[in-house]
Amino acid sequence: MPRHINDRIHESLAIAALLAGGVALNVAWIDNLLITRSDVIASWITINPAIGPISGLYVDTLGAFFVTYLFAAAIWRGKDVSHWRGQVFWFFFASVVAFIILTLPFVFGFVVS
C-alpha cells in the first residue's frame, strides 16, 4: 500500500460525517414538510421545473451535508474527539428515527381543522 494512503479513517472525520449526516436528514424532513405545506416555498425551492421541488430538496440536503462536514472536519481535524463519539452517534440515530417517522405521508399530511 502506498505511504500516503492509510488503511483507516480518522475518528474526527468519521464523527464529522455522522454529524453531517444527521444534519442533512433533519434538513431533508424539514424541507419536505415545508414543500408539502406551502406552494410558495415549493416554487421557490424548485431548481428544475421538469423535476419539481425534489430537485431543490436534494440540493439543500447535499449542501447541508457538505457544509456541516467541511466545518466539523476543519474544527476537529487532528484532535481527540472521542468525547463527542456518544453524543454524535445518538444525534445521528435520533435523526434517522425522526426522518423515518416525519416523512411518512400520514404524519406530514396531518391537519387540524
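For the structure, check the block above.
Residues numbered from 1 in each chain as written. Predicted model: local features only at pLDDT ≥ 70, side-chain atom pairs only at ≥ 80, totals over all residues. Heavy atoms only, no water.

### Regarding the overall build of the protein
Okay, step 1: Helix and strand counts for the protein stand at 5 helices and 0 strands.
Okay, step 2: Walking the protein from its N terminus toward its C terminus, one meets helices and strands in the order α-α-α-α-α.
Okay, step 3: Buried positions account for 27% of the 113 residues belonging to the protein.
Okay, step 4: Here the contacts in the protein between residues at least 6 apart in sequence split such that 75% fall between residues at least 24 apart.
Okay, step 5: Summed over all atoms, the accessible surface of the protein reaches about 8,000 Å², with 71% contributed by carbon and sulfur. (Helix = DSSP H or I, 4+ residues; strand = E, 2+ residues; numbered from the N terminus. Buried < 20%, exposed > 50% of the residue type's maximum accessible area, 1.4 Å probe, protein only. Contact = heavy atoms within 4.5 Å. Areas by Shrake-Rupley, 256 points an atom, 1.4 Å probe, with all protein chains shown as cover.)

### Let's talk about the nonpolar core
Okay, step 1: Within the largest apolar cluster, 7 residues are counted, these being I15, A16, A72, A73, W76, V81 and V88.
Okay, step 2: When contributions to this core are tallied by element, the ones reaching two or more residues are α1 (11-37) and α3 (54-76).
Okay, step 3: Broken down by element, the residue count for this core peaks at 3 residues, all from α3.
Okay, step 4: Those residues within four positions of V81 in sequence are excluded, and the remaining contacts are E11, S12, I15 and W76. (Core = buried A, V, L, I, M, F, W, Y, C linked by side-chain atoms within 4.5 Å.)

### Points about the packing of aromatic side chains
Okay, step 1: Throughout the structure, instances matching the rule amount to 6 aromatic pairs.
Okay, step 2: An angle of 85 degrees between the planes, with centres 5.3 Å apart, marks the rings of F65 and F66 as edge-to-face.
Okay, step 3: We classify F65 as partly exposed; its relative accessible area is 24%.
Okay, step 4: Residue F66 is classed as partly exposed on the basis of its relative accessible area, which comes to 47%. (Phe/Tyr/Trp six-rings, centres within 6.5 Å; stacked < 30°, edge-to-face > 60°.)

### Considerations on the packing of α1 against helix α4 (residues 85-102)
Okay, step 1: The N-to-C vectors of α1 and α4 enclose an angle of 25 degrees; their axes lie 9 Å apart at closest approach. On the basis of the axis angle, α1 is roughly parallel to α4. Judged by the twist between their axes, the crossing of α1 over α4 is left-handed. Across the interface between the two elements, E11, I15, L18, L19, G21, G22, V23, L25, N26, A28 and W29 from α1 touch R85, V88, F91, F92, S95, V96, A98, F99 and L102 from α4. (Axes fitted to C-alpha atoms, helices over the stretch in contact; angles between N-to-C directions. Parallel < 35°, antiparallel > 145°, perpendicular 65-115°, else oblique. Left-handed = near helix turned anticlockwise from the far one by under 90°.)

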